[in-house]
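# Understanding the architecture of this molecule
These are the residues of each chain, in order.
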Amino acid sequence: MPRYAHITGWGHALPEHVLTNKDLENMVDTSDEWIVTRTGIRERRIAAPDQTTASLAADAATEALKVAGVKPTDVDLIIVATSSPEHIFPATAAIVQDMLGATHAGAFDLSAACTGFIFALNMAAQAIRTGSIDTAVVIGAETLSRIVNWQDRNTCILFGDGAGAFVLQGSEEPGGVMHAVMHADGSGADVLSIPAGGSKIPTSADTVAHGLHYVHMEGRPVFRFATRVMAEATREVLAKANLTPDDVDLIIPHQANIRILEVAARNLKLPMERFMVNLDRYGNTSTASIPIATVEAVAQGRLRRGDKVVLVGFGGGLTYGALLAEWTGPFPDHPEVNPERYRLWARVRSTGLRLKRKVLAHTSREENLGG
Ligand code: UT7
């Protein structure tokens with residue numbers, strides 16, 4: 001029986017503190033008018049001193065697990081996609097695993113800048129489809145305010161903090177994550193990076209004096225790259241399912257710049273209404289932007305069971321990718337919606353898993369015996 005990976009839970013965590021374009025006017029040589037016309041961004045959230053990438057990630061994951069009706073101890077795998085990890089190592093995902101009490105989960109970070117959430121979702125879905133795991137939590141989380149230079153008007157006006165998470169669960173019911181495409185062009189690695197603090201240029205008094213521990217970006221080449229690949233990746237993933245842009249109910253893009261999204265919409269010959277946009281309120285939260293936008297799309301009633309949704313993004317690396325999913329929602333009955341049926345379903349499911357394990361054990365014994 002083929003297995004499918006369904007998105008059954010979602011959650012987000014957004015810091016309370018709002019930094020407006022007006023606030024930025026007092027920090028760097030910029031204006032609300034410049035930021036709004038060039039980017040579409042009006043405000044962004046900034047993490048409180050006691051909030052970190054891991055704490056935001058854990059808060060988003062807790063919300064997602066609640067929506068799915070899944071206990072932390074039932075999670076097999078946690079992937080945190082981030083460009084602002086707590087440390088170079090250990091992985092932020094391991095810290096999140098402990099915060100959640102997900103005692104049976106493996107955990108690792110995935111670094112693909114703003115495209116990270118799409119890559120992580122695809123990896124988790126593949127692991128579920130092969131039968132190697134049953135339940136995964138995929139998180140995009142950032143505290144970019146800690147790694148941008150607040151004196152650099154080219155970057156500090158763009159970014160914000162936040163986290164978003166999905167729960168993925170396996171089932172034999174068709175649907176869920178259908179196809180994905182993942183791409184990278186490392187020849188553009190220099191145009192968006194944190195130059196120092198890694199093993200190539202370790203942190204020193206000199207690197208700090210030159211601000212090489214902050215995000216550095218050449219905006220124009222990234223903009224040109226983004227306007228090319230957003231439509232390209234969307235078409236490519238749809239072609240895998242023999243679909244066209246018209247077949248898609250909602251596109252949830254990486255929230256970087258409204259002008260990039262308008263070009264993508266034009267290239268795909270779709271109206272902007274088909275795109276989920278919330279960058280005006282949160283700025284660019286890098287790999288957290290797609291799951292945060294998804295949570296808001298659900299809250300606004302823009303995603304219903306059976307809808308076809310494309311997640312598409314680009315970012316440092318340079319990386320880009322797209323993922324096509326059929327929206328599911330909590331399955332088959334959420335414990336709070338229908339506790340009786342949920343208990344019955346949970347019993348049937350755990351019996352099914354026990355049987356599956358028995359069959360697998362039997363098959364491998366036969367193989368070992370040369371049967
Ligand atoms: O997740 C991926 C992350 N990166 C991106 O998505 C970035 C993609 N790139 C962009 O979104 C755009 O390139 C930016 C929004 C970053 C910049 O917009 P732009 O239209 O490409 O502006 P520009 O860099 O060409 O700069 C135009 C002018 C320059 O002045 P001069 O040389 O024409 O006198 C800049 O110095 O605007 C100036 N400028 C600013 N002025 C006011 C640059 N930043 C600012 C600012 N406020 N914050």
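All figures in this text were calculated on a predicted structure; none of them were measured in a lab. (Residues numbered from 1 in each chain as written. Predicted model: local features only at pLDDT ≥ 70, side-chain atom pairs only at ≥ 80, totals over all residues. Heavy atoms only, no water.)

### Here we look at the overall build of the protein chain
In terms of helices and strands, the protein chain carries 11 helices and 13 strands. When each of the 371 residues of the protein chain is scored for burial, the buried share is 51%. Across the protein chain, every contact between residues at least 6 apart in sequence was considered, and the portion connecting residues at least 24 apart equals 77%. Only carbon and sulfur atoms are counted for the fraction: they give 53% of the accessible area of the protein chain, which is about 16900 Å². (Helix = DSSP H or I, 4+ residues; strand = E, 2+ residues; numbered from the N terminus. Buried < 20%, exposed > 50% of the residue type's maximum accessible area, 1.4 Å probe, protein only. Contact = heavy atoms within 4.5 Å. Areas by Shrake-Rupley, 256 points an atom, 1.4 Å probe, with all protein chains shown as cover.)

### Some words on the sheet that holds strand β5 (residues 106-110)
What links the strands of a sheet is backbone hydrogen bonding, and the strands pair in either a parallel or an antiparallel sense. With mixed pairing, the five strands of this open sheet are ordered in space as β1-β7-β6-β4-β5. The open sheet has two free edges, formed respectively by β1 (4-13) and β5, since each of these has just one partner strand. Direction aside, the axes of adjacent strands within the sheet are offset by 20 degrees on average. Two strands pair when backbone bridges link them, and strand β6 (residues 135-142) and strand β7 (residues 162-171) are joined in this way by eight bridges, in the antiparallel orientation. When the bridges of β7 are listed, valine 138 appears paired with phenylalanine 166. Those strands touched by helix α3 (residues 53-68) are β1, β6 and β7, and its axis lies near 125 degrees from that of β1. Strand contacts of helix α5 (residues 116-129): β1, β4 (77-81), β5, β6 and β7, with the helix running at about 20 degrees to β7, the strand carrying the most contacts. (Pairing = 2+ DSSP bridges. Axes fitted to C-alpha atoms, helices over the stretch in contact; angles between N-to-C directions.)

### Digging into the pairing of β1
Burial analysis of β1 places eight of its 10 residues in the buried class, which makes it a mostly covered element. Where β1 lies against β7, nine bridges are found, and the strand directions are antiparallel. Directly across from histidine 6, in β7, lies its bridge partner glutamine 169.

### Re the nonpolar core
By size, the foremost hydrophobic cluster in this structure holds 46 residues, and its most contacted members are Ile251, Val310 and Phe314. Secondary structure elements with two or more residues in this core: α7 (219-240), α8 (258-268), β12 (308-315) and β13 (319-326). Here this core takes nine residues from α7, the largest share from any one element. Other than its neighbours up to four places away in sequence, isoleucine 251 contacts Thr234, Leu268, Leu270, Arg274, Phe275, Met276, Val310 and Val312. In this structure, Ala5, Leu77, Val309 and Ala325 belong to the second largest nonpolar core, which totals 37 residues. (Core = buried A, V, L, I, M, F, W, Y, C linked by side-chain atoms within 4.5 Å.)

### A look at the packing of aromatic side chains
Tallied over the entire structure, the rule returns four aromatic pairs. Seen in terms of ring centroids, phenylalanine 117 and phenylalanine 166 are 5.0 Å apart; in terms of plane orientation they differ by 90 degrees. Their pairing is edge-to-face. Within this pair, whereas phenylalanine 117 is found in helix α5, its partner phenylalanine 166 is found in strand β7, the two being separated by 49 residues in sequence. Judged by relative accessible area, phenylalanine 117 falls into the buried class, the value being 1%. A relative accessible area of 1% places phenylalanine 166 in the buried class. Plain terms: the ring middles of phenylalanine 225 and tyrosine 320 are 5.6 Å apart, the flat faces sit at 80 degrees to each other, and that makes the pair edge-to-face. Note that phenylalanine 225 is positioned in helix α7 and tyrosine 320 in strand β13, a separation of 95 residues in sequence. Summarising the burial analysis for this pair, phenylalanine 225 and tyrosine 320 share the class buried. Through successive ring pairs, a cluster of aromatic residues spans Trp10, Phe117, Phe166 and Trp327. (Phe/Tyr/Trp six-rings, centres within 6.5 Å; stacked < 30°, edge-to-face > 60°.)

### Details of the site of the ligand
In the vicinity of the ligand lie 21 residues, with Thr30, Arg220, His254, Asn257 and Asn284 positioned nearest. In the complex, the protein chains occlude 76% of the 940 Å² of accessible area that the ligand would expose alone. Of all elements in the fold, only α2 (32-39) and α7 reach the threshold of two or more residues within the shell around the ligand. For the shell around the ligand, the class distribution of residues is nine nonpolar, seven polar and five charged. (Near = heavy atom within 4 Å. Nonpolar A, V, L, I, M, F, W, Y, C, P; charged D, E, K, R; others polar.)

### Re the sheet that holds β13
The sheet built from four strands is open, its strands ordered β8-β13-β12-β11 with mixed pairing. Strands at the two margins of the open sheet, each flanked by one partner only, are β8 (176-184) and β11 (250-253). Taking each pair of neighbouring strands and ignoring which way they run, the sheet shows an average axis angle of 15 degrees. Looking at chain direction, β11 and β12 are connected through four bridges and run parallel. Bridge pairing in β12 links proline 253 to valine 312. Contacts from α7 reach β8, β11, β12 and β13 within the one sheet, and its direction differs from that of β12 by about 150 degrees. Contacting β11 and β12, helix α10 (residues 289-299) runs over the sheet at an angle of about 145 degrees to β11.

### Some thoughts on the environment of glutamate 232
Within the fold, glutamate 232 resides in helix α7. A sequence separation of 90 residues divides glutamate 232 from alanine 322, and the C-alpha atoms of the two residues are 9.3 Å apart.

### A word on unusual backbone geometry
For the bond running from phenylalanine 89 to proline 90, omega is 5 degrees, close enough to zero to count as cis. With respect to the helices and strands, proline 90 occurs in the loop between β4 and α4 (92-100). Cis peptide bonds are those with omega within 30 degrees of zero, and the linkage from glycine 317 to leucine 318 qualifies with -10 degrees. Within the secondary structure, leucine 318 sits in the loop between β12 and β13. One non-glycine residue with positive phi stands out, namely lysine 269, at about 55 degrees. Along the chain, lysine 269 turns up in the loop between α8 and α9 (279-282). Note on lysine 269: relative accessible area 69%, which makes it exposed.

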